[in-house]
Amino acid sequence: MKYFRFIWKNVFRKKSRAFLTMASIVLVLVLIVVLSSLLEALDYDTGRTKGAANVVVQHATGLGNFMPLAYRQKIEQVPGVVAVAPQIWFGGIYVDERPQNFFGQLSTDPQVWAIVHDDYSIPDDQLIDRFHWTIGQRIQVRGTYIPGTIDLVLRGVYTGPDESNIFFHNKYLENSFLGRLERTGIFYLRTEAPEKVPGVCDAINKMFENSDAPVKAMPEKQFMLQFTEMMGDVKLLFRSIALTVLFTVVLIVANTMAMSARERVTQIAVIRALGFRRSQVLMLVLSEAIVLALLGGVAGALGSFPFMWGLIGIIKHTPVAMFAYNLKISLATLLTAFTAAVGIGVLAGFVPAIRSSRISIVDGLRRVA
Amino acid sequence: MADSLICIEHVSKAYRRDSLQIPVLADIDLTIDTGEFIALMGPSGSGKTTLLNLLAGIDTPTKGRITIDRRVISSMRETELARWRADHIGFIFQLYNLIPVLTAFENVELPLLLTRLSRQERQAHVRTALAIVGLSDRADHYPRQLSGGQEQRVAIARAIVADPVILVADEPTGDLDARSAGEILDLLNRLNTEHHKTIVMVTHDPRAAARAHRMLHLDKGVLSVEEPAAALDRSRDGR
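If you're wondering where the values come from, they're calculated on a predicted model, not measured in any experiment.

## Overview of the overall build of chain A
Logical step 1: Counting its secondary structure elements, chain A contains 14 helices and 11 strands.
Logical step 2: Burial analysis of chain A (369 residues in total) assigns 36% to the buried set.
Logical step 3: Contacts in chain A between residues at least 24 apart in sequence constitute 83% of all its contacts with a sequence separation of at least 6.

## With respect to the interface of chain A and chain B
Logical step 1: Of the residues lining the interface, 18 residues belong to chain A; the matching set on chain B comes to 19 residues.
Logical step 2: Breaking the side of chain A that touches chain B down by element, the ones donating at least two residues are α1 (4-11), α10 (265-274) and α14 (361-366) of chain A.
Logical step 3: Sorting elements by how many residues they give to the side of chain A that touches chain B places α10 of chain A first, with 6 residues.
Logical step 4: In terms of residue class, the side of chain A that touches chain B is made up of 9 nonpolar, 4 polar and 5 charged.

## Considerations on the sheet that holds strand β4 (residues 93-94) of chain A
Consider a sheet: its strands pair through backbone hydrogen bonds, and that pairing is either parallel or antiparallel.
Residues and elements named next belong to chain A.
Logical step 1: Overall, antiparallel pairing links the 3 strands, which are arranged β4-β6-β7 in an open sheet. Both edges of this open sheet fall to β4 and β7 (149-153), since each of them pairs with a single strand only.
Logical step 2: Examined bridge by bridge, β4 and strand β6 (residues 138-142) share 2 bridges and lie antiparallel to one another. Paired with tyrosine 94 across the two strands is valine 141, which belongs to β6.

## Some words on the environment of isoleucine 359 of chain A
Residue and element names in this part refer to chain A.
Logical step 1: Note that isoleucine 359 resides in the loop between α13 (331-357) and α14.
Logical step 2: Through-space distance from the C-alpha of isoleucine 359 to that of glycine 156 is 74 Å; in sequence the pair is 203 residues apart.
Logical step 3: Leaving out residues up to four positions away in the same chain, isoleucine 359 has contacts with Val265, Ile268, Ala269 and Gly364.

## What about the domain arrangement of chain A?
Logical step 1: Segmenting chain A into domains produces domain 1 (4-45 + 230-366) and domain 2 (61-213).
Logical step 2: Taking only C-alpha atoms, the centre of domain 1 of chain A and the centre of domain 2 of chain A are 47 Å apart.

## Describing the pairing of strand β1 (residues 4-17) of chain B
Residue and element names in this part refer to chain B.
Logical step 1: Across 10 bridges, β1 lies against strand β2 (residues 20-33) in antiparallel orientation. Bridging across to β2, alanine 14 finds its partner in proline 23.
Logical step 2: Hairpin connection from β1 to β2: 2 residues lie between these consecutive antiparallel strands, with aspartate 18 at a positive phi of about 55°.
Logical step 3: Inspection of the sheet shows β1 paired to strand β4 (residues 63-68) by 5 bridges, in the antiparallel sense. Opposite isoleucine 8, over in β4, you have isoleucine 66 as the bridge partner.

## With respect to helix α11 (residues 278-315) of chain A
Logical step 1: Taking 1.5 Å of rise per residue, the 38 residues of α11 of chain A would be expected to cover 56 Å, and the 53 Å separating its terminal C-alpha atoms lies within 8% of that figure.
Logical step 2: The largest bend along α11 of chain A reaches roughly 25° and is located at serine 304 of chain A, with the proline proline 306 of chain A sitting one to four residues downstream.

## With respect to the packing of α11 of chain A against α13 of chain A
Between two packed helices, what matters for the description is the angle formed by their axes and the separation of those axes.
All names here are of chain A.
Logical step 1: Relative orientation of the contacting elements α11 and α13 amounts to 150°, with a least axis distance of 7 Å. In terms of axis orientation, α11 runs roughly antiparallel to α13. Here α11 runs over α13; the crossing is right-handed.
Logical step 2: The class makeup of the residues in the contact of α11 with α13 is 22 nonpolar, 7 polar and 2 charged.

## Side note on the sheet that holds strand β5 (residues 71-72) of chain B
Residues and elements named next belong to chain B.
Logical step 1: Spatially, the 4 strands line up as an open sheet ordered β2-β1-β4-β5, and their pairing is antiparallel. In this open sheet, the two strands that pair with only one neighbour each are β2 and β5.
Logical step 2: Contacting β1, β2 and β4, helix α1 (residues 48-56) runs over the sheet at an angle of about 120° to β1.

## Here we look at the environment of glycine 221 of chain B
Residues and elements named next belong to chain B.
Logical step 1: Tracing the sequence through the fold places glycine 221 in the loop between β9 (214-219) and β10 (222-228).
Logical step 2: Here glycine 221 falls in the buried class, since 22 other C-beta atoms lie within 10 Å of it.
Logical step 3: For the pair glycine 221 and proline 23, spaced 198 residues apart in sequence, the C-alpha to C-alpha distance is 7.6 Å.
Logical step 4: Filtering out sequence-adjacent residues up to four positions away, glycine 221 remains in contact with Pro23, Val24, Leu25, Ala26, Ser46 and Gly47.

What counts as what
Position numbers for residues start from 1 in each chain and track the written sequence from start to end. Ligands are numbered from 1 and chains lettered from A, in the order in which they are written. Residues qualify for local features only when their pLDDT is at least 70, as the model is predicted, and side-chain atom pairs are given and counted only at 80 or more; totals for whole chains, interfaces and linings, by contrast, use all residues. Labels follow the DSSP assignment, with helices taken as runs of H or I lasting at least four residues and strands as runs of E lasting at least two, numbered in each case from the N terminus. Exposure in this text rests on C-beta crowding, where 20 or more other C-beta atoms within 10 Å of a residue's own make it buried, 12 or fewer make it exposed, and counts in between make it partly exposed. The C-beta atoms are placed from the backbone. Contact between residues is assigned whenever the C-beta positions, reconstructed from backbone atoms, fall within 7 Å. Following the grouping adopted for this structure description, the nonpolar residues are Ala, Val, Leu, Ile, Met, Phe, Trp, Tyr, Cys and Pro, the charged ones are Asp, Glu, Lys and Arg, and the polar ones are all others, Gly among them. At least two DSSP bridges between two strands are required for those strands to pair. For each domain, the first and last residues come from an automatic or database assignment. One less than the number of residues in a helix, times 1.5 Å, gives the span that helix is expected to have. We define the bend at each residue as the angle formed by axes fitted to the 7 residues ending at it and the 7 residues starting at it. Axis definition: a line fitted to C-alpha atoms, limited for helices to the stretch in contact. Angles are taken between N-to-C directions and run from 0 to 180 degrees. Should an angle lie under 35 degrees it is considered roughly parallel, over 145 roughly antiparallel, and from 65 to 115 roughly perpendicular; all remaining angles are considered oblique. In this scheme the handedness of a crossing depends on how the near helix is turned from the far one: anticlockwise by less than a right angle means left-handed, clockwise means right-handed.

This is the structure we're talking about:
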C-alpha cells in the first residue's frame, strides 16, 4: 500500500495519454458488457418462473406444418394437463412492411389464455406506447402466408415477460384456410407442475406418433431456444467482435505501458540504484497497468448502464423487441467485465514490466534523462 | 587496511561490446577509511564513473575483490546487493535524477519505502533530511518548481535519508552554476564533517576536488596519481 501513491502518480504521469488509454478501455468494457448482455438475452430464458410448467406442441416436422385442431381434446385428456390453447402465428403486416411496424400476432383462445399465460397481467404499455394505440382502437393486420386482412379491436393490454405480441381470438381465423381445415400452428399448454412436463411431453408425442400429423411436444424454454439457435452465427459474430476488440485494446494498453516504461529507463535505473529489487520494479510497472485498466474497467462498467438503458429503449421499438425484456446487466456480466479489465492490465503490463525489471542500472543511468 | 571502510583489491573491469573486450579499469588497489572525503578525477573515459559504480554496488568487477564495511560486495548476488545498497549507499547524480511526478518530500521518502519504518517514522526522517539540506519549506514542490541547486539538495536529502555509511556523488556540481556548486560542496563538506559520511565524489572540477581530503587520479583505467587535494588547491590559487 505504501507504494500506491508512487504507482498512482506514475499512471497519470502523462495525463492525456492515460485518459485516452482509459477511454479506449471504457469503450471496450461498455462493448463487452453490452454484447455479453445481448448474448444472455439471446440465450432466451423467458424468466417466467411459472413458465417452467408450460409445454409447447408443434408439428414434428417443424413450425411450417400444422396440426389438426382436434388434437386439443386429446391433449386435454393427458394426465397433468391443466389447459390447452391452440395458437397460430399470423405473421401479418401492420400499416406497411417497415421493421418498426413489426410485432408478433398470435391467435389464441381467450378462455384459457389467462391460465396458460398466468404470469401476464393487464394492463400494459409497450405496444401501446410504440403505436400510440388506445383501448377500443381498430387495428388492421394484413395476412402474409394466411391470406386476408383481420380487423381487430384493442380490448385490453397486458404486462408480462414479453410484451411485444398481440393476442387475438382464434375466431378471426375461422374463415382462413387454416380455420377451414381445422388446423393450428401450435398448442400452448399448462401442466400442473414443472415435474409433470417430461411425462406430459412423452405422453403427447406417443399419442400422435403414428398419426398423419405426428407432433413434437417440448418444454416452453426448449421451444424458445429453437429461435435463438437460428441466431447461432449472430452469437458467434458477437463473441468474435468482443474478442477482437479486447485483443486490440490489450495491444493499445501494452503500447502505452511500453512507451511509458521506455521513457522512464533512467528513473527505473535510479530506483534500482536506490535499492529497489527487480521483482519490485516488475510489480510497480505491472501494477500501473492494472490500475489503469481497473480505472477504465470501473468507468466502463458504470458507463454501460446508461448505454444499456438507451439500447433497451431503442430495441423496444424494433422487431426484436422481445429481447429488450431479457436485456439487463447481470452480476455475472459485470464480473466478466472486471475480469477482462484485470486481464487487459496483466497482459498489457507484463512485457513492459519484465523489460523494465531487466534494465541494467549502469546503462539506464548512462542515458540522459 | 583492517580499519578501512572500503577495500578494493586488484579490481579490473572490462565491458564486452559484441566480440570486443574493452578494458576500463586495470588492477586497481585502493582503500578508503571511514569519514574520508575522496575526489576522483581524470579525463573522460578514464573509468572514474565505473570505479564509482563498482564501489556503490551497481556494477560488478571482472576481476578482483571489493570489501565494504567488512562485507565482500563483489561476490554478492543481485538481490542481496540491492538490499545492501539500500542500507549502505546514498547516490548523488550530476542530473539529480529526481522523479518528476513526485514532490520533494516524496522523492526523499522513496528509499525509506524499502524499510520497515512506519509512515510517521518515514515522515520524521524525511523532514530531518530536508532540514539538513535547508529545504524544509520546499517539501511540497515538484522538481520542475525548483532550481538546479535546490534539485541537487533534494537529491542529497534523498541520499542521506536512510542514513547510509557512504555517499557516492557523480559530478554533483557538473550541471550547476558556480554559486550553487559552492553551496552543494559546502553541504557535502558539512555531511562529511558533522554527519561523518564517507564521500566518494567523481568530478572534473578542481575547485570541487579541492574540498576533498584526498584526490585520486585515474587515467586509462589506471589509478596513477594520488595527491592531496590541498596541493591542487594551492596550484589553483597560484600560491
